[in-house]
Amino acid sequence: MTASEPRIGAVILAAGLGSRFGQAPKMLAPYAGRPMVRRAAEAALASRAGPVVAVLGAHAEAVRAALAGLDLILVDNPDPAAGLSGSLRLGLAALPPGTDAAVVLLGDMPRIGPAHVDALIAAYAGAVPRPSAVVPVSGGRRGNPVLLDHIRLADDLARLSGDRGAGPILKGRNDVLEIPADGAVAFDVDTPETLEG
């Protein structure tokens with residue numbers, strides 16, 4: 001990394017209750033032989049992003065065990081029922097000072113790989129001026145993960161509440177960079193049937 005390249009971390013949101021999934025912890029559901037949350041963490045760690053923060057909440061001990069041995073900064077959300085916004089703020093706050101931006105991954109999107117993360121980083125690093133966010137688009141719809149310039153978006157992120165990520169605050173901005181992506185950016189798991197499909 002050269003001095004002019006931005007410092008970009010990653011935040012994995014894995015604190016949710018997963019109530020639509022049923023009794024078993026959703027983040028631990030196997031996909032292609034590994035727990036979904038571990039797949040997300042491995043994708044982030046194999047990318048250009050670093051360090052990688054994982055925010056835990058519901059089923060924290062079981063999720064922590066599923067992530068054992070990975071080089072992660074683990075953060076506990078004491079109130080996961082309050083929604084995604086709190087986990088997002090906790091994860092961003094755990095990044096070291098001087099981090100310019102963060103790729104935010106959802107723990108229930110098991111088809112995301114390092115190339116998806118690296119494409120967001122390359123787009124951000126190559127843009128002049130740099131955007132407030134880089135968002136993947138597939139089939140005309142925005143997906144995840146997203147890259148957030150959390151310094152520029154700090155005020156908006158501080159006001160975010162409930163079970164919402166950054167999507168609402170990015171809608172009205174004209175400095176969001178959209179990049180084409182494959183269908184993985186639109187595939188998330190809410191029910192066991194989704195995994196079987």
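Criteria and thresholds
- Residues numbered from 1 in each chain as written.
- Predicted model: local features only at pLDDT ≥ 70, side-chain atom pairs only at ≥ 80, totals over all residues.
- Heavy atoms only, no water.
- Buried < 20%, exposed > 50% of the residue type's maximum accessible area, 1.4 Å probe, protein only.
- Helix = DSSP H or I, 4+ residues; strand = E, 2+ residues; numbered from the N terminus.
- Arc of directions from axis to C-beta.
- Contact = heavy atoms within 4.5 Å.
- Salt bridge = Lys/Arg side-chain N within 4 Å of Asp/Glu carboxyl O.
- Expected span 1.5 Å × (residues − 1).
- Polar contact = N/O pair within 3.5 Å; in protein donor to acceptor, adjacent residues only side chain to side chain.

Looking now at helix H3 (residues 84-93). The complete set of buried residues in H3 reads Ser85, Ser87, Leu88, Gly91 and Leu92. Buried positions in H3, seen along its axis, are confined to an arc of 160 degrees and lie on one side of it. Tucked into the core, H3 has its buried residues touching strand E1 (8-14), strand E4 (52-56), strand E6 (101-106), strand E9 (146-148) and helix H5 (154-159).

What follows deals with the pattern of salt bridges. Applying the stated criterion across every chain yields a total of 10 salt bridges. Two residues, Arg34 and Glu42, come together in a salt bridge whose shortest N-O distance is 2.7 Å. Judged by relative accessible area, Glu42 falls into the partly exposed class, the value being 24%. Put simply, Arg173 and Asp156 hold a salt bridge, and the shortest N to O gap is 3.2 Å. Of this pair, Arg173 sits in the loop between helix H6 (167-171) and strand E10 (176-180) while Asp156 sits in helix H5; the two residues are 17 residues apart in sequence, bridging distant segments of the chain.

An α-helix turns once per 3.6 residues; consequently, residues spaced three or four apart project the same way. Over its 13 residues, helix H4 (residues 114-126) extends 18 Å from the first C-alpha to the last, a length consistent with the 18 Å expected when each residue adds 1.5 Å. For H4, every residue scored as buried is listed here: His116, Val117, Leu120, Ile121, Ala123 and Tyr124. In an axial view of H4, the angular spread of the buried residues amounts to 160 degrees, which keeps them on one side of the axis. Along H4, the residues that are exposed and aim more than 90 degrees away from the buried face are Ala115 and Gly126. Looking at the packing, one finds that the buried side of H4 touches E1, E6, strand E7 (133-138), E9 and E10.

Looking now at the environment of Val146. Positionally, Val146 belongs in strand E9. Judged by relative accessible area, which is 9%, Val146 ranks as buried. Residues Val146 and Ala133 lie 13 residues apart in sequence; the distance between their C-alpha atoms is 7.1 Å. Ignoring any residue separated from it by four or fewer positions in sequence, one finds Val146 in contact with Ala102, Val103, Val104, Leu120, Val134, Val135 and Pro136.

For Ile151, the position within the fold is in the loop between E9 and H5. Note on Ile151: relative accessible area 57%, which makes it exposed. Each C-alpha atom of the pair Ile151 and Asp100 lies 6.9 Å from the other, and the pair is 51 residues apart in sequence. Once you skip the residues sitting within four places of it in the chain, Ile151 turns out to touch Thr99 and Asp100.

The topology assignment puts Asp149 in the loop between E9 and H5. Residue Asp149 is classed as buried on the basis of its relative accessible area, which comes to 7%. Within the structure, Asp149 has its side chain in polar contact with the backbone nitrogen of Arg152 (distance 3.1 Å). Among all residues touching Asp149, those that are not within four sequence positions of it are Asp100, Ala101, Tyr124, Pro131 and Ser132.

Along the chain, Ala65 falls in helix H2 (residues 60-66). The class for Ala65 is exposed, based on a relative accessible area of 55%. For the pair Ala65 and Arg38, spaced 27 residues apart in sequence, the C-alpha separation works out to 9.9 Å.

In short, the description is geometric, and any link to function would need to be established separately.
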